[in-house]
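# Architecture at a glance
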Amino acid sequence: MSAAAIAPAGNASELDEALFAGLLKSIRRNNFLPIPPQERNFVGDGDFLAIGCEFLRHFVELGGLKPQHRVLEIGCGIGRMALPLTQFLEAPAGRYTGFDVVAAGIEWCQQNIAAAYANFEFLHLDFQNQLYNPDGKLSDGEQALPFESNSVDFLFMTSVVTHLDPGYTAFYLREAARVLRADGRLFVTAFILDEANRALVTAKKARPAFHLEGEGPDYIADRAHPMAAVGFDADWFLGTAREHGLRLQRPIAFGHWSGRVAENYQDICVFQRSSVRES
């Protein structure tokens, strides 16, 4: 089945939903796709391939991802999101690069995904991260991402800013805006603390249960492990993105972490890079 046939140029609403659903089903049934052994999987529980397919659906239906897009993933882990994309992106135009701070995950992806798909590559970033790479040699802002400006159609970060402080989060938003082409899109999952989500946290409906004392803009749920779950003030997060020319392309798809009724767990933000940056 050709991915190009299910996602023609234009709006995401134009895709053939039946054919796309068939593609997702065929990916989940594909026994030849490499799945990392559980002892090497550091990206969370659940069905590895099913979760990847769920996000591929979000990328297409919410983010407008196309088979011919140049794609960049920040925080690729051990390939959970990349693996279904091998069946969707069409070479030579459709290409993927994944960055991560965990060297072991990058090594597995290079050996098991990039070795089989020439339009996929994985690169290690030695940025310090308290949770995933405490001995990293680089701090936020010390070095730009090794990627050309204005070269990416679609960039995504799933469960990344949920483990970052404001400095790193601002750094990645700035770098995302730099590498995206005009009108390119950024897909981010986050814990967004708007007025409604704050009320739900206060009412003890939310999991994670963030501690809301303090001035922000970041709030943690586990004082013993601060980077295990990080939420951000909505105004700060959206304002920081806007400062770099990233505007919401669609309303936030709030998740059920806060107690809302929703299909997705974390909040999903889809930004579009404008051609004119705000000062």
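## Overview of the overall build of the protein
- Looking only at helices and strands, the protein features eight helices and nine strands.
- Going through the 279 residues of the protein one by one, you find that 51% of them count as buried.
- Of all intrachain contacts in the protein linking residues separated by at least 6 positions in sequence, the fraction that spans at least 24 positions is 71%.

## Things to note about the state of the cysteines
- Scanning the model with the defined rule gives zero disulfides in all.
- The cysteine Cys76 is free of any disulfide, with Cys109 supplying the nearest cysteine sulfur at 5.2 Å.
- For Cys76, a relative accessible area of 3% puts it in the buried group.

## Quick word on unusual backbone geometry
- With omega at 15°, the peptide bond leading from Arg207 into Pro208 counts as cis.
- Considering the arrangement of structural elements, one finds Pro208 in the loop between helix H7 (195–202) and strand E6 (218–220).
- A cis amide bond links Gly216 with the next residue in sequence, Pro217, at an omega value of 10°.
- Looking at where Pro217 falls in the secondary structure, it is placed in the loop between H7 and E6.
- Positioned with a positive phi, Asn150 is a non-glycine residue whose angle comes to about 55°.
- Phi is positive for Lys204, which is not a glycine, with a value near 65°.
- Looking at the element boundaries, Lys204 is found in the loop between H7 and E6.
- On the accessibility criterion, Lys204 (67% relative accessible area) is exposed.

## Quick notes on the confidence of the model for the protein
- Overall, the predicted model of the protein reaches an average pLDDT of 90, with 87% of residues at or above 70.
- When the criterion is pLDDT under 50, residues 8–13 qualifies, and its contacts beyond four places in sequence or with other chains add up to 11 contacts.

## Let's talk about the side chain of Asp194
- The topology assignment puts Asp194 in the loop between strand E5 (180–193) and H7.
- Among the residues examined, Asp194 registers a relative accessible area of 19% and is labelled buried.
- Looking at Asp194, its side chain comes within polar contact range of the side chain of Arg260, at 3.1 Å.
- With sequence-adjacent residues up to four places away left out, Asp194 is seen in contact with Ala234, Phe254 and Arg260.

## What about the nonpolar core?
- Counting residues in hydrophobic clusters, the biggest one holds 38 residues, and the most contacted among them are Leu155, Met157, Tyr172, Leu186, Phe237 and Phe271.
- Counting residues per element, the ones that place at least two in this core are strand E1 (70–74), strand E4 (152–157), helix H6 (166–179), E5, strand E7 (230–233), helix H8 (234–243) and strand E9 (267–273).
- The leading source of residues in this core is H6, at seven residues.
- Counting 37 residues, the second-largest nonpolar core is a separate cluster that includes Leu65, Leu89, Tyr96 and Phe122.

## Description of the side chain of Asn119
- Its location among the elements puts Asn119 in the loop between helix H5 (103–114) and strand E3 (120–124).
- With relative accessibility at 14%, the residue Asn119 sits in the buried group.
- Only 2.8 Å separates the side chain of Asn119 from the backbone oxygen of Gly94, close enough to count as a polar contact.
- Apart from residues no more than four positions distant in its own chain, Asn119 is found in contact with Leu89, Ala91, Gly94, Arg95 and Tyr96.

## Details of the packing of helix H2 (residues 17–28) against helix H3 (residues 48–61)
- Two numbers describe how H2 lies on H3: the axes approach to 9 Å, and their chain directions differ by 160°. When the axes of H2 and H3 are compared, the pair comes out roughly antiparallel. The way H2 lies across H3 gives a crossing that is right-handed. Contacts between H2 and H3 involve Phe20, Leu24, Ile27 and Arg28 from the first element and Leu49, Ala50, Cys53, Leu56, Arg57, Val60 and Glu61 from the second.
- When its residues are assigned to classes, the contact of H2 with H3 shows eight nonpolar, no polar and three charged.

## Thoughts on the pairing of E1
- Within E1, five of the five residues are buried, which leaves it mostly tucked inside the rest of the structure.
- Both E1 and strand E2 (residues 95–100) contribute to a ladder of five bridges, which runs parallel. Along E2, the bridge assignment pairs Leu72 with Thr97.

## Quick notes on the pattern of salt bridges
- Across all of its chains, the model carries eight salt bridges by this definition.
- Note that Glu263 is salt-bridged to Arg57, the shortest N-O span being 2.2 Å. Placement of Glu263 in the loop between strand E8 (246–248) and E9 and of Arg57 in helix H3 is noted, with a sequence separation of 206 residues between them.
- A salt bridge links Glu121 to Arg70, with the nearest nitrogen and oxygen atoms 3.9 Å apart. Of the two residues, Glu121 is situated in strand E3 and Arg70 in strand E1; the sequence distance between them amounts to 51 residues.
- When its relative accessible area of 33% is taken as the criterion, Glu121 is described as partly exposed.

Conventions adopted
- Residues numbered from 1 in each chain as written.
- Predicted model: local features only at pLDDT ≥ 70, side-chain atom pairs only at ≥ 80, totals over all residues.
- Heavy atoms only, no water.
- Helix = DSSP H or I, 4+ residues; strand = E, 2+ residues; numbered from the N terminus.
- Buried < 20%, exposed > 50% of the residue type's maximum accessible area, 1.4 Å probe, protein only.
- Contact = heavy atoms within 4.5 Å.
- Disulfide = S-S within 2.5 Å.
- pLDDT = per-residue confidence, 0-100.
- Polar contact = N/O pair within 3.5 Å; in protein donor to acceptor, adjacent residues only side chain to side chain.
- Core = buried A, V, L, I, M, F, W, Y, C linked by side-chain atoms within 4.5 Å.
- Axes fitted to C-alpha atoms, helices over the stretch in contact; angles between N-to-C directions.
- Parallel < 35°, antiparallel > 145°, perpendicular 65-115°, else oblique.
- Left-handed = near helix turned anticlockwise from the far one by under 90°.
- Nonpolar A, V, L, I, M, F, W, Y, C, P; charged D, E, K, R; others polar.
- Pairing = 2+ DSSP bridges.
- Salt bridge = Lys/Arg side-chain N within 4 Å of Asp/Glu carboxyl O.

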